[in-house]
There are 2 protein chains.
Amino acid sequence: MNTANNKNRILQARNPRTGEMDYSFEATGEEEIISIVADLRKGQPAWAAMSVQERAGILADWADAVSSSDELLQALVTDTGRYFIASAELGRLSTMVQDWLKIGETIFAEQIAKQSSAPTVTYKHQLVPFEVVGVIGPWNFPFLITLIDLVPALMAGSAVVVKPSEITPRFIAPLQKILEQIPALNAVCRFIEGDGQTGQDLIKHVDALCFTGSVKTGKIVYQSGAENFIPIYAELGGKDPVIITENADPKDTAKIVLRASVQATGQACQSIERVYIHSSIAEAFTSELVRLSEQVEINYPDIYEGHIGPLIFDKQADIIQSHLKDAEEKGAEILCGGLIEQHGGGLWILPTVLKNVDHSMLTMTDETFGPIIPIMTYTDVNEAIQLANDTQYGLSAAVLAGDRVEAERIAMHLDAGAISIQDCGITAYVFDGEKNWFKYSGTGASRMGQMGMVRFFRKKVLYTQSGETQGIDAMG
Amino acid sequence: MNTANNKNRILQARNPRTGEMDYSFEATGEEEIISIVADLRKGQPAWAAMSVQERAGILADWADAVSSSDELLQALVTDTGRYFIASAELGRLSTMVQDWLKIGETIFAEQIAKQSSAPTVTYKHQLVPFEVVGVIGPWNFPFLITLIDLVPALMAGSAVVVKPSEITPRFIAPLQKILEQIPALNAVCRFIEGDGQTGQDLIKHVDALCFTGSVKTGKIVYQSGAENFIPIYAELGGKDPVIITENADPKDTAKIVLRASVQATGQACQSIERVYIHSSIAEAFTSELVRLSEQVEINYPDIYEGHIGPLIFDKQADIIQSHLKDAEEKGAEILCGGLIEQHGGGLWILPTVLKNVDHSMLTMTDETFGPIIPIMTYTDVNEAIQLANDTQYGLSAAVLAGDRVEAERIAMHLDAGAISIQDCGITAYVFDGEKNWFKYSGTGASRMGQMGMVRFFRKKVLYTQSGETQGIDAMG
């Protein structure tokens, strides 16, 4: 494991419900990464030689073991301070395998010979998976989000190394134990532990890399990928706006916006972080939103009760507080919430509704990643579109209008990869359809839909000549 | 045009038939690029709002003007020192427009609503083209290769800035004059002049970049793209191998290999640069290859006669000579050709067949880009596959065997994006089918097939909720 010139760093993790640094672990060193990747390269050809159905069968066994491991669940609960979401994260593996199998069967079935534009030439594709793919995950859904890349990569026939966030490392050891029970999978899938440095080391030794995280880190990852001449698939931050038109129902929309803003304590990429509402219904909407917000409860002291969990990453509390302070100093009014609460050492914040906000404030420009709902009114929908697009992000957005047609007309002008119409945050649970990112919210091929698996292949063309071949002609 | 702090550099170009620096031009400065890109951004929405058929119609008008301009043809002939290829380069625009129209019609027709995995949610895609795409072209097919990116980008609805190589700049001015006759196209398409610095400046101001050139420059371009957080579609060098099995016909294969190695004087990415032949037919093949090689003539003094043109880039002569010198010093034997010939100031080289070569020699490892045909024998086909894959390149390759089935079995093991079976270099004239690159031969989405146009879009998902939306539930 360790060698003299490969001192693995010891890292510590904070418990989001107690604030204690109660877990320590070794960051996987670069030499160890090199050795793991070499092992995976050995295992990968046999994995790729299986049919996609065989690979799915092995992954389904893994899904069963994952969803029935109490040790794994408890570790993920401790990592994130939430029970129901942790349980849902583990439960999703099984449906993901089924969904990707359907897509995989379509992709692999397409390998038939086709007539080319030249009458004597036919062609067909060979799908050649990257040997070893790296996946670097975030702390907000530590297992689920890595699965979005891991499952299609394995299904494509690649081997995969996953490095989850150092903020939420506890689930890795029990997961690794389960993997070891399934030798065919263990030969091509490894979870390693570590921080940003570990991620940088990993990039140097894999053939493609998937990253989910902040814009700042994502830019660095993209540059490291270019230095190592490998493709980077990165989904980064968002500052999702919702536009609510005068024809929308203020009460319904308040219910939708609240859920989309505070679910997972706002610690989700597709959380609604900006509300643009027509002035004619702003008051009705706002008062309903505040009324509903005041019914939201934290999951403390009982983790099985309440609606929202603690802030997983304690530094996020400082960011949220700085955004609120900045907004207040610039004239915003906090209608409810607004305080970081400490309970038993953990940090929580209740839904926080703000009015009188504008784009001079951090809460309208920077990702907050908390249950903060700043409301800005408009009178002309074109103005709302301009405001929604006035951002460095382009992840997702939403429109709530009188009907689908009105909403879609607005959605067409929004610069974001996924737009929820008559709802918010649909992308959190509907993975169908390819989508790319606008501006700084991501780069590389869609991680959803067919492309979500195709991105792990090189498409190789085999051209067959069945006619006379030409010699050297007079083309001086 | 020029301002005090935007001194445009004056560059000079060499005439490949006379060796004279007989053309000088101004490199487009960064301020000018900024202004051009700003103009194109203004023009792009109207272009994108047209139907793909309308855009194709305008491009077809352009194709007519291009193929009938004698001034343009003469300029490209001077740039490259070849008449027939120059004429073919200009003539290809028209068929490219037709081919991409067919693909474009398919892509745009796919924008219909689909049922998602959630029963109450449907989705459809909106295809949002990048506003301004940059294209940086090479000197070997100065117009044709830029068209491979330019035509699908324009067809997708993007505006495009093209920077051809500074080695072959003469065709740009007459092309620009033609563009100005077609205002709808001129508003979204501009050819600029300049060198590597101009290319670096361009990358900073466009939303996506296509590059064709060397591996060395391609790596730099990819890194610049990552710094500017834009996608890079790069097709780089190759060192294409052909494997010839004992069951192949030695005479037929000699004819094919000769054409694929010496066409365009070997100045093509998909030129065959390494021959691996079964020892049992090596002699018959080699003697036929030498016999045919000795019939090849240069296009001097009459540009309308002969088979091959001059070396366009004079420095290429030094590279070729250093590869030959290195091979000879290490024991290779030159069977024909082998000399850089100077005629009237231009540089030519005849087909050069080498035997007794191995992978210690530059001619087997580095891109030569000349009509050099090094032949290596093998006895076990697995050894041939290993040798073919023993390279940093993975552009294309070829297999000549007894029949298609035998060839395909070998092709499946070759690490390259396109494999010609029972022929060589099919990718030079058959663009059907998506293909990616292996190793250092390229990065980003396929520039061929449907993906060749899709890469210029962000695929945006519009999700419509038609059922009840959820409020905040007990997901602590």
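Computed from a prediction, not measured in an experiment: that's the story for all the values here. (Residues numbered from 1 in each chain as written. Chains lettered and ligands numbered in written order. Predicted model: local features only at pLDDT ≥ 70, side-chain atom pairs only at ≥ 80, totals over all residues. Heavy atoms only, no water.)

Things to note about the nonpolar core
Nonpolar side chains in soluble globular proteins tend to end up buried together.
Right, so step 1: The biggest cluster of nonpolar side chains holds 176 residues, and the ones touching the most others in it are Trp62(A) and Trp62(B).
Right, so step 2: With residues up to four places along the chain from it excluded, the contact list for Trp62(B) reads Leu93(B), Phe143(B), Leu147(B), Leu150(B), Leu175(B), Ile178(B), Leu179(B), Ile182(B), Leu185(B) and Phe191(B).
Right, so step 3: Membership of the second largest hydrophobic core comes to 33 residues, among which are Leu354(A), Met364(A), Leu387(A) and Ala411(A). (Core = buried A, V, L, I, M, F, W, Y, C linked by side-chain atoms within 4.5 Å. Buried < 20%, exposed > 50% of the residue type's maximum accessible area, 1.4 Å probe, protein only. Contact = heavy atoms within 4.5 Å.)

Brief notes about the packing of aromatic side chains
Right, so step 1: By the definition in use, this model includes 29 aromatic pairs over all chains.
Right, so step 2: Ring centres of Tyr233(A) and Phe456(A) lie 6.0 Å apart, and the angle between their planes is 85°; on these two criteria the pair is classed as edge-to-face. Of this pair, Tyr233(A) sits in strand E9 (residues 232–235) while Phe456(A) sits in the loop between helix H16 (451–454) and strand E20 (457–465); the two residues are 223 residues apart in sequence, bridging distant segments of the chain.
Right, so step 3: For Tyr233(A), a relative accessible area of 11% gives the class buried.
Right, so step 4: Among the aromatic residues, those joined into a cluster by ring pairs are Tyr222(A), Phe229(A), Tyr440(A), Tyr222(B), Phe229(B) and Tyr440(B).
Right, so step 5: When the ring centre of Tyr440(A) is taken as origin, the NZ or CZ atom of Lys219(A), which lies over that ring, is 4.0 Å away.
Right, so step 6: It is Arg458(A) that lies over the ring of Phe438(B); its NZ or CZ is 4.3 Å from the centre. (Phe/Tyr/Trp six-rings, centres within 6.5 Å; stacked < 30°, edge-to-face > 60°. Helix = DSSP H or I, 4+ residues; strand = E, 2+ residues; numbered from the N terminus. Lys NZ or Arg CZ within 6 Å of the ring centre and 35° of its normal.)

Focus on the side chain of Ser446(B)
Residue and element names in this part refer to chain B.
Right, so step 1: Tracing the backbone through its elements, the reader meets serine 446 in the loop between strand E19 (442–443) and helix H16 (451–454).
Right, so step 2: Look at serine 446 and you get buried, because its relative accessible area is 2%.
Right, so step 3: Of the polar contacts made by the side chain of serine 446, one reaches the backbone nitrogen of lysine 435; its length is 2.9 Å.
Right, so step 4: Among the polar contacts listed, one links the side chain of serine 446 to the backbone oxygen of methionine 448, at a separation of 2.9 Å.
Right, so step 5: Those residues in contact with serine 446, other than ones at most four positions away along the chain, are Glu434, Lys435, Asn436, Trp437, Met451, Gly452 and Arg455. (Polar contact = N/O pair within 3.5 Å; in protein donor to acceptor, adjacent residues only side chain to side chain.)

Quick look at the sheet that holds strand E5 (residues 132–136) of chain B
Residues and elements named next belong to chain B.
Right, so step 1: With mixed pairing, six strands are arranged side by side in an open sheet as E7-E6-E5-E8-E9-E19. Because the sheet does not close on itself, it has two edges, and the strands there are strand E7 (189–191) and E19.
Right, so step 2: Both E5 and strand E8 (residues 208–212) contribute to a ladder of four bridges, which runs parallel. For isoleucine 136, the partnering residue across the bridge sits in E8 and is phenylalanine 211. (Pairing = 2+ DSSP bridges.)

Details of the interface of chain B and chain A
Right, so step 1: In this complex, chain B contributes 88 residues to the contact, which on the side of chain A involves 88 residues.
Right, so step 2: Carbon and sulfur atoms supply 59% of the area buried between chain B and chain A, which totals about 7000 Å² over both sides.
Right, so step 3: Where chain B touches chain A, the interface holds six salt bridges.
Right, so step 4: At the boundary of chain B with chain A, the tally comes to 42 residue pairs in polar contact (both at pLDDT 80 or more).
Right, so step 5: Broken down by secondary-structure element, the contributors of at least two residues to the side of chain B that touches chain A are helix H4 (84–109), strand E4 (121–129), helix H9 (215–227), helix H10 (250–262), helix H15 (404–411), strand E18 (418–421), E19 and strand E20 (457–465) of chain B.
Right, so step 6: Broken down by element, the side of chain B that touches chain A gets its largest block of residues, nine residues, from E20(B). (Buried area = accessible area lost by both parts, 1.4 Å probe. Salt bridge = Lys/Arg side-chain N within 4 Å of Asp/Glu carboxyl O.)

What to know about the sheet that holds strand E5 (residues 132–136) of chain A
All names here are of chain A.
Right, so step 1: Strand order in the open sheet formed by six strands is E7-E6-E5-E8-E9-E19, and the pairing between neighbours is mixed. Because the sheet does not close on itself, it has two edges, and the strands there are strand E7 (189–191) and strand E19 (442–443).
Right, so step 2: Looking at chain direction, E5 and strand E6 (residues 159–163) are connected through five bridges and run parallel. Bridged to isoleucine 136 within E6 is lysine 163.

Topic: helix H5 (residues 144–156) of chain A
What sets the pattern is the α-helix's 3.6 residues per turn: residues three or four places apart point alike.
Residue and element names in this part refer to chain A.
Right, so step 1: For H5, which comprises 13 residues, the first-to-last C-alpha distance of 19 Å matches the rise-based estimate of 18 Å (1.5 Å per residue) to within 8%.
Right, so step 2: In the structure, H5 departs most strongly from a straight axis at leucine 150, where the bend amounts to approximately 25° and where the proline proline 152 lies between one and four residues downstream.
Right, so step 3: Counted residue by residue, H5 has 13 buried out of 13 residues, so it is predominantly covered.
Right, so step 4: Immediately beyond the C-terminal end of H5, within one or two residues, lies glycine 157, with a positive phi of roughly 110°. (Expected span 1.5 Å × (residues − 1). Bend = angle between axes of the 7 residues up to and from the residue.)

With respect to the domain arrangement of chain A
Residue and element names in this part refer to chain A.
Right, so step 1: What the domain assignment reports for chain A is domain 1 (10–236 + 440–462) and domain 2 (240–428).
Right, so step 2: Once you take the C-alpha centre of each, domain 1 and domain 2 turn out to be 31 Å apart.
Right, so step 3: Counting residues at the interface gives 23 residues for domain 1 and 28 residues for domain 2.
Right, so step 4: Overall, the association of domain 1 and domain 2 removes approximately 2200 Å² of surface from exposure, summing both partners, and the carbon and sulfur fraction of that is 61%.
Right, so step 5: Among the residues of domain 1 in contact with domain 2, Arg14, Arg17 and Trp139 are the three that bury the most area, contributing 32% of the side total.
Right, so step 6: There are one salt bridge connecting domain 1 and domain 2.
Right, so step 7: With its nearest N and O atoms 3.7 Å apart, the salt bridge here joins aspartate 314 to arginine 14. (Domains from an automatic or database assignment.)

Here's the deal with the relation of the copies chain B and chain A
Right, so step 1: Once chain B is rotated about the relating axis by 180° and shifted along it by 0.0 Å, it coincides with chain A to within an RMSD of 0.0 Å. On the angle and the small slide along the axis, the relation comes out as a two-fold axis.
Right, so step 2: When the interface residues of chain B are mapped onto chain A, 100% of them are again interface residues, pointing to one common binding face. (Least-squares fit on C-alpha atoms with pLDDT ≥ 70 in both.)

Re the packing of helix H2 (residues 52–67) of chain B against helix H6 (residues 172–180) of chain B
All names here are of chain B.
Right, so step 1: Interaxial distance between H2 and H6 falls to 10 Å at its minimum, and their mutual angle equals 140°. Classified by the angle their axes make, H2 and H6 are oblique. The element H2 and its partner H6 pack so that their crossing is right-handed. For the pair H2 and H6, contact is made by Trp62, Ala65 and Val66 and by Leu175, Ile178 and Leu179, respectively. (Axes fitted to C-alpha atoms, helices over the stretch in contact; angles between N-to-C directions. Parallel < 35°, antiparallel > 145°, perpendicular 65-115°, else oblique. Left-handed = near helix turned anticlockwise from the far one by under 90°.)

Concerning the pairing of E4(B)
Residue and element names in this part refer to chain B.
Right, so step 1: Of all nine residues in E4, seven are buried, a share of seventy percent or more.
Right, so step 2: Bridging between strand E3 (residues 114–115) and E4 involves two bridges; their strand directions are antiparallel. In the strand pairing of E4, glutamine 115 is matched with threonine 122.
Right, so step 3: Here E3 folds back onto E4, and the loop between the two strands holds five residues.

A short note on the pattern of salt bridges
Residues and elements named next belong to chain A.
Right, so step 1: Taken as a whole and assessed by the stated rule, the structure comprises 46 salt bridges over all chains.
Right, so step 2: Across the pair glutamate 89 and arginine 82 runs a salt bridge whose closest N-O atoms are separated by 3.7 Å. For the pair formed by glutamate 89 and arginine 82, the shared burial category is buried.
Right, so step 3: Linked through salt bridges whose partners overlap, the residues forming this network are Asp149, Glu235, Arg447 and Arg455.

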